[in-house]
Each structure stands twice: as structure tokens, then as C-alpha cells.
Amino acid sequence: MAGRGRIVGWVTAALLSALALVGVTRLRIDDDLRSLVRDARVDFRLLDEVARLFGAPDRDCIVRATATTGDLFDAEPFAELQAVVERLRGVAGVDEVRSIFDVRRQGAAGAVLPVIPRTAGGLDAAARDAARDRAAEHPLVAGHLLSADATSSLVLVRLVPDADRPPLLPEVIDRLEATLAAARQDSRHLRLELTGLPALREQAAAALRRDMLIFNSLGLTLAVVLSATVARSLRSTVVACLPPAVGALWALGFLGLVNAPVNILTSVVPSLALVVGTCDSIHFIEDMRRSARRGLDPLAASSGAVARVGRACGLTSLVTAIGFASLAAARIDAVRIFGATAAVGALASFLAVTLLTPLIASTGFCSGLRLGRSSRAAGRLAGALAALSVRHARPLVAVACVATLLLGLVGSGLDADNRVVDSLPRGAPAAAALAAVDRDFGGAMGVDVVVGWPEGVDWRDDTVLAALDGVHRVLAEAEGISRAISLSSIVSPLPERARRRLDAGHFSDLVAPDERIALVRARVADLGSRRLDAVYGRVDEGLATLQRAHPGWRFDLAGMSVVSARNIRQLVRDLGSSLLLEVAVIGGILAVAFRSPLAGIVSLIPNIFPLTVIGALIVATGRSLDPATVIVFNVCLGLAVDDTVHVLSALTRNRREGISIATAVRRAVAETGNAVVIGGLVLAVGFACVTASSVPSLAGFGVLACAAVAAATVAELVFLPALLVVTDEIVRRRRPLFRDGIFGAAPAGQPVDVGSSRRDGLSSSPVTA
């Protein structure tokens, strides 16, 4: 690289890095459930209509107050609970606070009275006992705001609009937690816990950010240390590690520049760029070391590495980018955004490695040919595995095909599932509070059924109440939904004359007479999206039956829990089904790139095998697919394709010399095997750190990623050589004159190395083209 070219390269790298840093400053964390599960085919107008008319329960934080002794209607817990409610009303970002003190009842003379009277001097023991009896019988209190034994109560804290999502959500949750912490100091008879979807989402996101920062930093540090230890050279470590890190920075900056939200999917893009870049960088440094051993200076060695390895790295990035771009066909918006940003991340990684590697090598830092040495142990292991693969090619091909098929059949039983608790740290107070609310109050998540009636029907008519009762029966029969409440629950026991005196304003959270709409609200526990999807399917069937029995009426199932349960499963299905398209596209590109359709077909098994290993492991451990674990498949495919391309590229160079396929495979593994083993080891160490995370979904990601790295390494060093050798043997036996970019007769004028084929234990006809 000439002096002027180096200046242009450094300036380009500096400008791209500065642009990336600008993008990093514009990053926005967006874990809003709507944006993650938004489906181009799903209309959110029903959710918006319910939120406009009746308020959005998904904006409700829940404070669970539990008496440490006696029940909540004892003097001390009762007074402390009143004080906590008043404190919560004063928190900035809170729109409304509802508790057992806000529920009203119909008096004997038709007056609307509070269930728990408010007096300046407080209630005596007899008044509190009477209030407890009334609360235990009130349909809006019993089982909804007060537990059956009156020891626990829920305080619903509705946030102002937009405060239930970033950037306002973390600030509001911090203020709520600070308020509860101060209340705990003054409350000796109450235990206070914060839960509810906004609080759970924020606590889960905070735990995920914290663990990802800690364990990714630890993993990266250990990977760098391991690389330096193996190479015994600071220079080679910098050359191998710095370009991928810069590529990850560029990928992260791109997210900010295009205003892409950082969520559980797109947060993986920098890591993906780092994985692909690390593998490519290790191949670069290994090629440079071979050149250095032949006496070349670092600049010439790096330039030669770009010429020899750069094509394979470019092809790897192109294949990976096109594979991710295929996600554009997904239904979920977040999946399409992930596919586009991941494709750009792969290209950014390639650009950083190919641009910075020769630039760093051309500096005085790398003078004196001190690029370290290759790991002899890794090289010997790769060579031994390749020799074993070539020597026992036929049985290993059978093992590869059968194992891939059987593991695929085992993994075919995978289903998508997602629970809120899996995103919370083990033993976290929020997880314990969620379990307690699920147990005592039916769940922290809500589900709504919208009932609409035609003109001419009054909201207090028996027909409306009967329709609402029908919805109650449907929900009860669905098994999984509880604590249903509606206008019917309150006014059905009243006589007709009392109903006619009712004011709709007192039931504004359940009926909108002007819109001719009433609401049935219920709760669901954190059962997982798979079970909830089945429950909601049964509800849909029951509502369809009601619809047929009430022409002109409407019965619509709504609620964010409904949309999320269904679309989270669709999100996982999109990511999973896209793998098949990615594998097919990758095989086609490899066939064109190496001028060998057979190579595209043969490469499918070593690329699919690691995916089947992960699927079978998930089934064996009793887990299901969720957004965190399904991403491992994409990372694994990128890693497997990277190694496959480098091996096939080295094989193509050696086949041009006219030697046998077996010898060419040995030489190709000799060139690339060290990088494959070291790259796999470095990545495995990095992913292994994540398994110590307290967040189950993140720890599961680390376990599966380690398994993916191990399976990909075995596939490239054991299965791929055997598949190449056996395929060439079949082609040469059945079509002696066939020749493509890899398989078949040797090029014209090049004699076949028959002796090497025989030494490798394979029959080969002495054919010359």
C-alpha cells in the first residue's frame, strides 16, 4: 500500500469512525412492546380505541401492599396504606392512582358512597371491620384490589401518556421506586412491591443492559487475553482484535444514524459484526504469519493477505448480508429492521477488517516481522481432524447426513414461547411480586373484550347485560383468564328502577354509552405466549358464536397481552422460517461464487448441522424458542458460513494446481484450520461468560451460542472435508469428464496426483483432462 493510499485509508477510517460516534450519540433504547411486535397485517386501532375510551391498563404499574401481621384493616397497616397511596399520587409522571379507597358502592337510597368511608379522624375498629366486609363483597374490590384473606391489596398507578416507554419510563420508574423506598422506611407493618407491565419491562431492560455490558465486556476481555496468550504477541492481538471492534462500532453507529430502535433484536447487530469480523481477522493474521515466515515484510504480508483472504471475507460478508436481507419478507416490522441492520453490520465488519488490517500492519508498530506465531496445538488438532475426515470419508458422510436428519427431526418439535419472568433476573423482587400477583389476583396482565350494540339499545337494557354475561361465560370456559369484570357484574343485582337512575359517569372505565360500547376486563397470569395463544384462540371461537347469535353486535378480543402473545410467536416464527430461506440463498451464492453447483449443495450440511444441534439442545432441555434464543440460529449460521467460505476458497486455490481433492482438502485445512480452531475457541470463551448471567434468557443465549460454536467447528473440520472428498469420488466415477470449479477431472495439462489419492485411502481413476 503506497504512502498516499495509506493516508487515504486512515482518513477514510477516521471519517467513518467519527460518523459512527455521531450515530452512537443518537441511539435510542426502545423496548416498547408495540414496536417490537408490530405486524404490518395487524391493525392497532382497536387497542387505541379502548385506550381512548377506557384508559390503557398497559400503562398501569402495580404496587402490591401486604400486611406483615394481621390484615390490612388493622389500624397500623390501614393507616400506612392510606399514606402510601397519597405519596404515589404526588409522583411526577403519574396520571391516576386507584386503590380500595377509591371504589364506590350504591347506597340504600340510591346514593353513591365509598366502600371505605373517609373521615377526618380515621376509622375505629368497628368501622374498619364493616369496611372490610363491604370490600370482600364488592365485585370491583374482591379478587381485584383485595386478596381473599384481606392481607394483600393492589394499588394501580397509571402513568401519563408516553411515560410507559423510553425515554420517560426509566425516570418515572426510578421515582416510583424512590417513593416506595421512602415509604418502607416509615412503614413497619407493610411490605411494598412494585410490578406491572411498565415496571417489569423497565426492570427487565435494565437487567439485560447491565448483564450484556458486564458479560460482553468480560467475554471480550477474556477473548483478547486468550488471543494474546496463544499468539504470544501484542502486535498480532491488536491486528486481530482492533478491526473487528471498529466494525462493531460502525455497525452500532449505523443504528443511530438511521434512527433504528435498539431492542432485543437489533442489540445483537454489533455482536454479530464482531463475530464475523473476528473470524475474518484471524484468517487475515494467519495468512500474514505464513507470509512472514517466508521472509516478507508486514506490509507485503498484509497486502498479500488481502489479495488471498479478502475475496473469501468479502464473499462471507456478502452471503451473510444477503441472508439477513431475506428477512425483509417477514411480517413483523422489528424482524425486517433487524434483517436490514444485520446485513449492514456484516458489510461494515468486512470493510473494517479489509481496510484496517493492512493499515495497521504498515505502521511501525508491526515492524520487525513480530506478528507472533500460530498455535501449533490448534494447527495439529485441525490437521488431525481433517486427516481423520479424509481417511474415513464415507462413514463420516453417513454420520453427518444421519445426524443432521435425526437432530433436525428432534428439533422439528420446537415451538415458540415467551414469558415475562424469563427476562427478569433469578430471584429478583419484581419476579417474586409478579408470581404473587398471579397467585392472589389472577395476573398482572389484562385482556379486554369490546362489546358493541346497535342503535336504539340503552346501555342499561337487559340485552346488553345478557351479552356481557355471555362474554363472562366465554372467558370462564377458556381456562386461563380470571377475574372478569364488567358493567353486568355491578348492575345486574340491582332492580330495574335502580338501574335507570345510574349515572354512566360512575362506570366510565367499563361503558361508553355515546359510543354504544361496553368493556369486559379480565386478567391473565404469566402463562407464556404459547398457552395464552391457545387460550385466546378459544376465546375467539366463543366470541364468534356470540356474534352469530347477536346480528348487528360486535364482540372483539383486545388487549396488548393478546397482540404480544400472538405476535411474539409470529416474530419467532419469522426468524425461524427465514433461516430456511437464508440457507437456500447462501447455497445458491456459494454455487455461483465457486462455479460449482455441487459445492452449493454440499455446503448445506455443514451449515445446517449446527442449527439442528441447537434445535435438539433446546428440545432436550425442555425450553422453547423465544426472541433471545432464536437469534443464536442467525449468529450460528453466520459463523458456519464464514468458515465454509474460507475452506472452499483455500480448496479452490489448491485444486488449480491439479492435485487430488483429498490432498487439496488437507492443504486447505492446513491454511485455514488454525484460524477456524482459534476463532471458535475465542468466541466460545466470550459466549461462555454470558452463561453466568442472572437473566435466564441471556444465560440460555450463552449456552446455545457455545454449543453453536462447537458444532460449527466440528462441521467444518470433520464433516465438510469428508463431504468434499466423497462428492468428488462419486463425480469422477460416474462422470469422468465432468469439471466445475471444485469437483471432477483436473484442469487441462495438469496430471492428477493419483498417489496422494491412494495414500488418502480413496479410489481414484488416473484421469487427465
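Note that the structure is predicted; figures quoted are calculated from it, not measured. (Residues numbered from 1 in each chain as written. Predicted model: local features only at pLDDT ≥ 70, side-chain atom pairs only at ≥ 80, totals over all residues. Heavy atoms only, no water.)

## A look at the overall build of the protein chain
And then number 1: When its secondary structure is counted, the protein chain shows 25 helices and 11 strands.
And then number 2: Buried residues in the protein chain amount to 57% of all 769 residues.
And then number 3: Sequence-distant contacts in the protein chain: of pairs separated by 6 or more residues, those separated by 24 or more amount to 79%. (Helix = DSSP H or I, 4+ residues; strand = E, 2+ residues; numbered from the N terminus. Buried < 20%, exposed > 50% of the residue type's maximum accessible area, 1.4 Å probe, protein only. Contact = heavy atoms within 4.5 Å.)

## Some thoughts on the confidence of the model for the protein chain
And then number 1: When the pLDDT values of the protein chain are averaged, the result is 82; 88% of them are 70 or greater.
And then number 2: Residue range residues 747-769 is modelled with pLDDT below 50. Its contacts to residues more than four positions away, or to other chains, number 48 contacts. (pLDDT = per-residue confidence, 0-100.)

## Remarks on the environment of Phe73
And then number 1: Structurally, Phe73 can be placed in the loop between β1 (60-67) and α4 (75-89).
And then number 2: Taking the C-alpha atoms as reference, Phe73 lies 7.6 Å from Ala150; in sequence the two are 77 residues apart.
And then number 3: Those residues in contact with Phe73, other than ones at most four positions away along the chain, are Phe78, Ile100, Ile116, Arg128, Ala131, Arg132, Ala135, Leu146 and Ala150.

## Some remarks on the packing of aromatic side chains
The way to describe two aromatic rings as a pair is by their centre distance and the angle between their planes.
And then number 1: Considering all chains together, one arrives at five aromatic pairs under this definition.
And then number 2: Plain terms: the ring middles of Phe609 and Phe719 are 5.0 Å apart, the flat faces sit at 85° to each other, and that makes the pair edge-to-face. Placement of the pair is Phe609 in helix α21 (residues 604-620) and Phe719 in helix α24 (residues 696-734), with a sequence separation of 110 residues.
And then number 3: Assessed through its relative accessible area of 7%, Phe719 is described here as buried. (Phe/Tyr/Trp six-rings, centres within 6.5 Å; stacked < 30°, edge-to-face > 60°.)

## Observations concerning the sheet that holds β1
And then number 1: The four strands lie next to each other as β2-β5-β1-β6, forming an open sheet whose pairing is antiparallel. Lying at the two open borders of the sheet, with one neighbouring strand each, are β2 (94-98) and β6 (190-195). Strand after strand, the sheet turns through a mean of 20° between neighbouring axes, direction not considered.
And then number 2: Across six bridges, the pairing between β1 and β6 is antiparallel. Within β6, the residue paired with Arg64 across the bridge is Glu193. (Pairing = 2+ DSSP bridges. Axes fitted to C-alpha atoms, helices over the stretch in contact; angles between N-to-C directions.)

## Structural notes on the environment of Thr12
And then number 1: Structurally, Thr12 is set in helix α1 (residues 3-25).
And then number 2: Exposure remark for Thr12: the relative accessible area of 34% places this residue in the partly exposed category.
And then number 3: Distance in space between the C-alpha atoms of Thr12 and Leu355 is 8.9 Å, their sequence separation being 343 residues.
And then number 4: Within the structure, the side chain of Thr12 is placed 2.7 Å from the backbone oxygen of Val8, a separation counted as a polar contact. (Polar contact = N/O pair within 3.5 Å; in protein donor to acceptor, adjacent residues only side chain to side chain.)

## With respect to the environment of Leu510
And then number 1: Checked against the element boundaries, Leu510 lands in the loop between α17 (496-500) and β9 (511-512).
And then number 2: Taking the relative accessible area as the measure of exposure, Leu510 reaches 4% and is therefore buried.
And then number 3: Residues Leu510 and Ile485, 25 residues apart in the sequence, show an inter-C-alpha distance of 8.5 Å.
And then number 4: Those residues in contact with Leu510 that lie beyond four places of it in its chain are Phe54, Leu140, Ile485, Ser486, Leu487, Ile490, Ala518 and Leu519.

## Comments concerning the packing of α4 against helix α6 (residues 168-186)
And then number 1: Put simply, α4 and α6 touch, their axes get as near as 10 Å, and they point 155° apart. Taken together, the axes of α4 and α6 lie roughly antiparallel to each other. Between α4 and α6 lies a crossing whose hand is right-handed. On α6, the residues that touch Glu80, Val84, Arg87 and Leu88 of α4 are Leu176, Thr179, Leu180, Ala182, Ala183 and Asp186. (Parallel < 35°, antiparallel > 145°, perpendicular 65-115°, else oblique. Left-handed = near helix turned anticlockwise from the far one by under 90°.)

## As for unusual backbone geometry
With the exception of glycine, the majority of residues adopt a negative phi angle, and the majority of peptide bonds are in the trans configuration.
And then number 1: Even without glycine at this site, Ala150 takes up a positive phi of about 60°.
And then number 2: Among the secondary structure elements, Ala150 is positioned in the loop between α5 (125-137) and β5 (152-159).
And then number 3: Backbone geometry places Asn259, a non-glycine residue, at a positive phi of 60°.
And then number 4: Summarising the element assignment, Asn259 is placed in the loop between α8 (234-257) and α9 (269-293).
And then number 5: Judged by its relative accessible area of 45%, Asn259 falls in the partly exposed class.

## Details of the side chain of Thr663
And then number 1: Positionally, Thr663 belongs in helix α23 (residues 661-690).
And then number 2: Here the side chain of Thr663 touches Ser660 through a polar contact of 3.2 Å, side chain to side chain.

## Brief notes about the packing of α9 against α23
And then number 1: Two elements in contact, α9 and α23, have axes whose closest approach is 9 Å; the angle formed by their N-to-C orientations is 140°. By the angle between their axes, α9 is oblique relative to α23. By crossing handedness, the relation of α9 to α23 is classed as right-handed. Between α9 and α23, the contacting residues are Val275, Thr278, Cys279, Ile282, His283, Glu286 and Arg290 on the first element and Ala670, Glu671, Thr672, Asn674, Ala675, Val676, Ile678, Gly679, Val682, Leu683 and Phe687 on the second.

## Considerations on helix α12 (residues 376-391)
And then number 1: Taking 1.5 Å of rise per residue, 16 residues should cover 22 Å, and α12 covers 22 Å from first to last C-alpha, within 8% of that figure.
And then number 2: Listed in full, the buried residues belonging to α12 are Ala378, Ala382, Ala386, Ala387, Ser389 and Val390. All buried residues of α12 fall inside an arc of 165° around its axis, so they share one side. Away from the buried face of α12 by more than 90 degrees, exposed residues Arg376 and Arg380 are located. (Expected span 1.5 Å × (residues − 1). Arc of directions from axis to C-beta.)

## Thoughts on the pattern of salt bridges
It is possible for side chains bearing opposite charge to pair when their charged atoms get close.
And then number 1: According to the stated counting rule, one finds 22 salt bridges in the structure shown.
And then number 2: Close ionic contact of Glu671 with Arg653 constitutes a salt bridge, the shortest N to O distance being 2.6 Å. Placement of Glu671 in helix α23 and of Arg653 in helix α22 (residues 627-655) is noted, with a sequence separation of 18 residues between them.
And then number 3: Several salt bridges share partner residues, and in doing so they unite Asp60, Glu96, Arg98 and Arg158 into one network. (Salt bridge = Lys/Arg side-chain N within 4 Å of Asp/Glu carboxyl O.)

## Here we look at the nonpolar core
And then number 1: Membership of the largest hydrophobic core comes to 90 residues, with the highest contact counts inside it found for Ile614, Phe633, Leu651, Val665, Phe687, Leu724 and Ile742.
And then number 2: Top element by residues in this core is α24. It accounts for 17 residues.
And then number 3: Setting aside anything within four residues of it in sequence, one finds Phe633 in contact with Leu414, Leu579, Leu611, Ile614, Gly615, Ile618 and Leu625.
And then number 4: By size, the runner-up hydrophobic cluster in this structure holds 53 residues, among which are Leu72, Leu176, Leu434 and Phe441. (Core = buried A, V, L, I, M, F, W, Y, C linked by side-chain atoms within 4.5 Å.)

## Regarding the side chain of Thr66
And then number 1: Counting through the fold element by element, Thr66 comes out in strand β1.
And then number 2: We classify Thr66 as buried; its relative accessible area is 7%.
And then number 3: At a separation of 3.4 Å, a polar atom in the side chain of Thr66 contacts the side chain of Arg64.
And then number 4: Once residues lying within four places of it in the same chain are set aside, the contact partners of Thr66 are Leu72, Thr151, Ser152, His189, Leu190, Arg191 and Glu193.

## Some points on α23
Think of an α-helix as 3.6 residues a turn; residues three or four steps apart then line up on the same face.
And then number 1: End to end, α23 covers 40 Å across 30 residues, agreeing with the expected 44 Å (1.5 Å per residue, within 8%).
And then number 2: Burial of α23 is extensive: 23 of the 30 residues sit out of reach of the surface.

## Regarding a nonpolar patch on the surface
And then number 1: Together, Leu19, Val22, Leu257 and Val258 line one region of the surface with nonpolar side chains, adding up to about 300 Å² of accessible area.
And then number 2: With respect to the secondary-structure elements, Leu19 resides in helix α1. (Patch = residues over 30% accessible without salt bridge, like charges linked within 9 Å, V, L, I, M, F, W, Y side chains within 5 Å. Areas by Shrake-Rupley, 256 points an atom, 1.4 Å probe, with all protein chains shown as cover.)

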